[in-house]
Amino acid sequence: MRIVAGRFRGRTLQGPDGNWLRPTADRMKESIYNVLQGWFPGARVLDLFAGSGNLGLEALSRGARRVVLVERSPRALRLIRHNLETLAVHDEVEVVREDALVFVARASQEPFDVILADPPYDQGFEAALVEAMTPELLAAQGCFVLQRRRTTDWGAVPEFLRAWRTKRFGDTHVDFLLREEDRA
């Protein structure tokens, strides 16, 4: 895994040994960030199910002013710490050791401009995350990016969100949901 663009462009991040974690592939990550081009300078970014921190650290590299990585796995948290050390960005990233759904349910801080979620497949997290999205969590003109298996239904979309785009990568779909009154 590597940082694709920005101030850390080309830097390598440590990924998992084995298949206990499914990090976002560089090609898919680059495509996600091409869709969201221009959203990151000064943005507040939330990376749910952060894994190695790959997606959130890419946002930081591209100019995000605040990045929060939410992960509960001790093994994944060790990867995140290693990658923060590699990039020397401990002071620029907040790491929260918590279940992503619990974090979303209790979030009462400043809303995020971009929320990235790459939950484990086939465990029902996709529908639960879409249902849990609130205007208090996702800022005006915000985008919620959800990775899922192609066959997984993410349920009913809250009224304030609209499905904007879907990118396909083999068995994986990446859905982009926008605040309804915002960007077209």
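About the criteria used
Residues numbered from 1 in each chain as written. Predicted model: local features only at pLDDT ≥ 70, side-chain atom pairs only at ≥ 80, totals over all residues. Heavy atoms only, no water. Helix = DSSP H or I, 4+ residues; strand = E, 2+ residues; numbered from the N terminus. Rg over C-alpha atoms; globule rule 2.2 N^0.38 Å. Buried < 20%, exposed > 50% of the residue type's maximum accessible area, 1.4 Å probe, protein only. Contact = heavy atoms within 4.5 Å. Areas by Shrake-Rupley, 256 points an atom, 1.4 Å probe, with all protein chains shown as cover. Pairing = 2+ DSSP bridges. Axes fitted to C-alpha atoms, helices over the stretch in contact; angles between N-to-C directions. Right-handed = clockwise from strand over helix to strand, strands pointing away. Core = buried A, V, L, I, M, F, W, Y, C linked by side-chain atoms within 4.5 Å. Polar contact = N/O pair within 3.5 Å; in protein donor to acceptor, adjacent residues only side chain to side chain.

**Some thoughts on the overall build of the protein**
Helix and strand counts for the protein come out as five helices and seven strands. Mapped in sequence order, the helices and strands of the protein form the string α-β-α-β-α-β-α-β-α-β-β-β. In terms of C-alpha radius of gyration, the protein reaches 15 Å, essentially the compact-globule figure of 16 Å for 184 residues. The principal-axis extents of the C-alpha atoms in the protein amount to approximately 40 × 35 × 30 Å. By the burial criterion, 51% of the 184 residues in the protein qualify as buried. For the protein, the proportion of contacts with a sequence separation of at least 24, taken over those separated by at least 6, is 66%. Taken as a whole, the protein presents about 8,400 Å² of accessible surface, with 45% of it coming from carbon and sulfur.

**Re the sheet that holds strand β2 (residues 66-71)**
Strands sit in the order β3-β2-β1-β4-β5-β7-β6 across an open sheet of seven strands; the sheet is mixed. At either end of the open sheet lies a strand with only one pairing partner, and these are β3 (93-97) and β6 (161-169). Put simply, the sheet's adjacent strands are angled 15 degrees from each other on average, direction ignored. With seven bridges connecting them, strand β5 (residues 138-149) and strand β7 (residues 172-179) associate as antiparallel partners. If you follow Val145 over to β7, its bridge partner there is Phe176. Where helix α5 (residues 125-132) meets the sheet, it contacts β1 (44-48), β4 (112-117) and β5, and its direction lies at approximately 170 degrees from that of β5.

**Remarks on the pairing of β3**
Sheet topology note: the β2/β3 ladder contains five bridges and is parallel. Across the sheet, residue Val68 finds its bridge partner in β3, namely Glu94. Traced from β2 through helix α3 (residues 74-87) to β3, the parallel crossover comes out right-handed.

**Quick notes on the nonpolar core**
Among soluble globular proteins, nonpolar side chains are generally buried collectively. Ranked by internal contacts, the top residues of the largest apolar core, which has 34 residues, are Leu36, Val45 and Leu57. Setting aside anything within four residues of it in sequence, one finds Leu36 in contact with Val114, Cys143, Val145 and Phe176. Judged by nonpolar contacts, the second largest core, of 24 residues, contains Leu46, Val68, Phe103 and Leu161.

**Quick word on the side chain of Glu58**
Structurally, the position occupied by Glu58 is in helix α2 (residues 54-61). Only 2.7 Å separates the side chain of Glu58 from the backbone nitrogen of Val4, close enough to count as a polar contact. Setting aside chain neighbours within four positions, we find Glu58 in contact with Arg2, Ile3, Val4, Ala5, Lys29 and Tyr33.

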